[in-house]
Amino acid sequence: QPGDFILLQQTIFYGAWQAAERLGLQVITIPEHPQFGFDLESFEQALKQYPIKVCWLMLNVHNPIGFTVNSEIKQRIAELLNEYQVYLIEDDVYQELNYGAHKPVSVKYFDQHQRVLHCSSFSKTLGMGARVGWVFAGPFSDAIQHLQLMSTLTVSPLLQNALVDFLSHHHYEKHLRHLRQQLEKYKQKFYQELKARLDSVCEIYYYSSGYFLWIKLPEQLDGQVLYEQLIQHNIAIAPALLFKPEHTSQNYIRLNCSFDWTSEIENAVNVLAEMILNHAKSVD
């Protein structure tokens, strides 16, 4: 309800911020842990201090940073949710894009008290046009179905039936293996090229999953300023302002690396690197 407290990670997909603002919610944030991604101590402290109703967390292939939280921390999150009687909306849309041999588990895996609403989608693995997702909502299932009916009526039956056929004939796992291989190759290439150009002035966060790179810019370079300069060259990046509160450090950008390395991409990366290096020189 308007005025209720919710908890978000300090850096999180911008849709969470938009939803909170639209619904008139009060947002409490916790910082990322530099080693584990998720800060359990800050999480428990926030649950003790505020009357939080719901958390919205991304713990597998986090957008925009990219980390995946280990199973021990996820299990402890599930225990704390029950202890403090708080619900979790678990945004798990990138789980299938982990490059490792073992797919990471969700917090839902450890949920014994129906505290987790687990959400995922085909839109990240089959393309943006596959706007079919799901939520394992337990006791909230009927209410969510009603809200879905009131807002969008239905997803395309044709698309849903096509997905059923694709999944039931075992093509999906083969597709995922190929997709992960391609994304890993693309992301590695971007990382190597950017590191070669920017290692002296930027920190580039690389995780073996997903298709984003989170880049820490020189201290005085605002990601929004860099975005506005690059858009003049028809080059798009995502500035930190989309993902972080205004009062936090804004010298970060997210880069989409889901493209093959072409001359056009190389030229765009060269322009990006040149702008960052020129700014670093001017500050020095």
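Summarised in this report is the structure supplied together with it. Sequence order sets the numbering: in each chain, residues are counted from 1 along the sequence as written. Totals for whole chains, interfaces and linings use all residues, but because this is a predicted model, local features are given only for residues with pLDDT of at least 70 and pairs of side-chain atoms are given and counted only at 80 or more. The side-chain figures draw on all heavy atoms in the structure; neither hydrogens nor water molecules are used.

Our next topic: the overall build of the chain. Each helix is a run of DSSP H or I of at least 4 residues and each strand a run of E of at least 2, with the numbering of both proceeding from the N terminus. For the chain, the helix and strand inventory stands at eight helices and 12 strands. Taking 19 Å as the expected radius of gyration for a compact globule of 284 residues, we find that the chain reaches 20 Å, a close match to that expectation. Each principal axis of the C-alpha atoms in the chain carries an extent, and together these give about 55 × 50 × 35 Å. To sort residues, take the accessible area from a 1.4 Å probe on protein chains only and compare it with the maximum for the residue type: under 20% means buried, over 50% means exposed, and anything in between is partly exposed. Within the span of the chain, comprising 284 residues, buried residues form 44% of the whole. Throughout, a contact is declared for two residues whenever any of their heavy atoms are within 4.5 Å. Looking at the chain alone, contacts between residues at least 24 apart form 65% of all its contacts between residues at least 6 apart. Each accessible area is a Shrake-Rupley result for a 1.4 Å probe, and residues are judged covered by the shown protein chains and nothing else. Of the roughly 15,400 Å² that the chain leaves accessible, carbon and sulfur atoms contribute 52%. If the 22 positive side-chain charges of the chain are averaged to one point and the 30 negative ones to another, these points end up 4 Å apart. With the radius of gyration taken over C-alpha atoms, the globule rule is written as 2.2 Å times the number of residues to the power 0.38. Charge convention: Lys and Arg are scored as positive, Asp and Glu as negative, and His as well as the terminal groups of each chain are ignored. By convention, charge coordinates are those of NZ in Lys, CZ in Arg, CG in Asp, or CD in Glu.

Moving on, we come to helix H8 (residues 263-283). Look at H8: 30 Å from first C-alpha to last across 21 residues, which is about the 30 Å you get at 1.5 Å a residue. For H8, the full list of buried residues reads Ile 265, Val 269, Leu 272, Ala 273, Met 275, Ile 276 and Ala 280. For H8, the angular spread of the buried residues around the axis is 155°, confining them to a single face. In H8, the exposed positions angled more than 90 degrees off the buried face are occupied by Ser 263, Glu 264, Lys 281 and Ser 282. A helix is expected to span 1.5 Å for every residue after the first. Throughout, the arc means the angular range of directions from the helix axis out to the C-beta atoms.

Taken in spatial order, the four strands of this open sheet run E9-E10-E12-E11, and their pairing is antiparallel. Of all strands in the sheet, those bounded by a partner on one side alone are strand E9 (203-205) and strand E11 (238-239). Whether two strands pair comes down to DSSP finding at least two bridges between them. As paired strands, E9 and strand E10 (residues 212-216) are joined by three bridges and run antiparallel to one another. Following the sheet pairing, Tyr 205 is matched in E10 by Trp 214. To obtain each axis, a line is fitted to C-alpha atoms, and for helices this fit is confined to the stretch in contact; angles are then taken between N-to-C directions over 0 to 180 degrees. Packing against the sheet, helix H6 (residues 171-198) makes contact with E9, E10 and strand E12 (252-256), and its axis sits at approximately 20° to E10.

Take the side chain of Thr 248 next. Relative to the helices and strands, Thr 248 resides in the loop between E11 and E12. On the accessibility criterion, Thr 248 (12% relative accessible area) is buried. Here a polar contact means two N or O atoms within 3.5 Å. Within protein one must be a hydrogen donor candidate and the other an acceptor candidate, and residues neighboring in sequence count only if both atoms are side-chain atoms. Within the local environment of Thr 248, its side chain forms a polar contact with the backbone oxygen of Pro 245, the two atoms lying 2.7 Å apart.

The rule is short: rings of Phe, Tyr and Trp, with Trp giving its six-membered ring, pair when the centres are within 6.5 Å, and they are stacked under 30 degrees, edge-to-face over 60, tilted in between. Evaluated as defined, the whole model comprises 17 aromatic pairs. Judged by centre distance (5.8 Å) and plane angle (25°), the ring pair of Phe 5 and Tyr 50 falls under stacked. Taken as a pair, Phe 5 in strand E1 (residues 5-9) and Tyr 50 in the loop between helix H2 (40-49) and strand E5 (52-57) lie far apart in primary sequence, 45 residues in all. Look at Phe 67 and Tyr 207: their rings are 6.5 Å apart centre to centre, the planes differ by 75°, and that puts the pair in the edge-to-face class. Here the residue Phe 67 occupies a position in the loop between E5 and helix H3 (71-83), and Tyr 207 occupies one in the loop between E9 and E10, the gap between them amounting to 140 residues. A relative accessible area of 28% places Tyr 207 in the partly exposed class. The structure contains a cluster of three or more aromatic residues connected by ring pairs, namely Phe 13, Tyr 14, Trp 214, Phe 243 and Tyr 252. Sitting over a ring, as applied to charges here, requires NZ of Lys or CZ of Arg to be within 6 Å of the ring centre and within 35 degrees of the ring normal. In this arrangement the basic side chain of Arg 115 is found over the ring face of Tyr 87, its NZ or CZ atom lying 4.3 Å from the centre.

The geometry of H2 relative to H3 is characterised by a closest axis approach of 11 Å and an angle of 5° between their N-to-C directions. When the axes of H2 and H3 are compared, the pair comes out roughly parallel. Contact residues: H2 offers Leu 40, Phe 43, Glu 44 and Leu 47, while H3 offers Ile 73, Arg 76, Ile 77, Leu 80, Leu 81 and Glu 83. In this classification, the charged set is Asp, Glu, Lys and Arg, the nonpolar set is Ala, Val, Leu, Ile, Met, Phe, Trp, Tyr, Cys and Pro, and all remaining amino acids, among them Gly, are polar. Here the contact of H2 with H3 is composed, by residue class, of seven nonpolar, no polar and three charged. Every angle not falling under 35 degrees, over 145, or within 65 to 115 is termed oblique; those three ranges are roughly parallel, roughly antiparallel and roughly perpendicular.

In this structure, Pro 31 sits in the loop between strand E2 (26-30) and strand E3 (32-33). In sequence terms Pro 31 and Gln 148 are 117 residues apart; their C-alpha atoms lie 32 Å from each other. If near-sequence neighbours (up to four positions away) are discounted, Pro 31 is found in contact with Gln 10, Asp 39 and Ser 42.

With that settled, the discussion passes to the environment of Gly 37. Here Gly 37 shows up in strand E4 (residues 37-38). Residues Gly 37 and His 62 lie 25 residues apart in sequence; the distance between their C-alpha atoms is 8.9 Å. When sequence neighbours within four positions are dropped, the list of residues in contact with Gly 37 reads Glu 32 and Phe 67.

Nonpolar core, defined: a set of buried Ala, Val, Leu, Ile, Met, Phe, Trp, Tyr and Cys residues in which side-chain atoms within 4.5 Å join the residues together. Ranked by internal contacts, the top residues of the largest apolar core, which has 30 residues, are Phe 38, Phe 43, Cys 55 and Leu 81. For this core, the secondary structure elements donating two or more residues are E1, E2, H2, E5 and H3. For this core, the element with the most residues is H3, which contributes five residues. Those residues in contact with Leu 81 that lie beyond four places of it in its chain are Phe 43, Cys 55, Val 86, Tyr 87, Leu 88, Val 107, Arg 115 and Val 116.

Everything listed here is a matter of geometry and, on its own, says nothing about what the molecule does.
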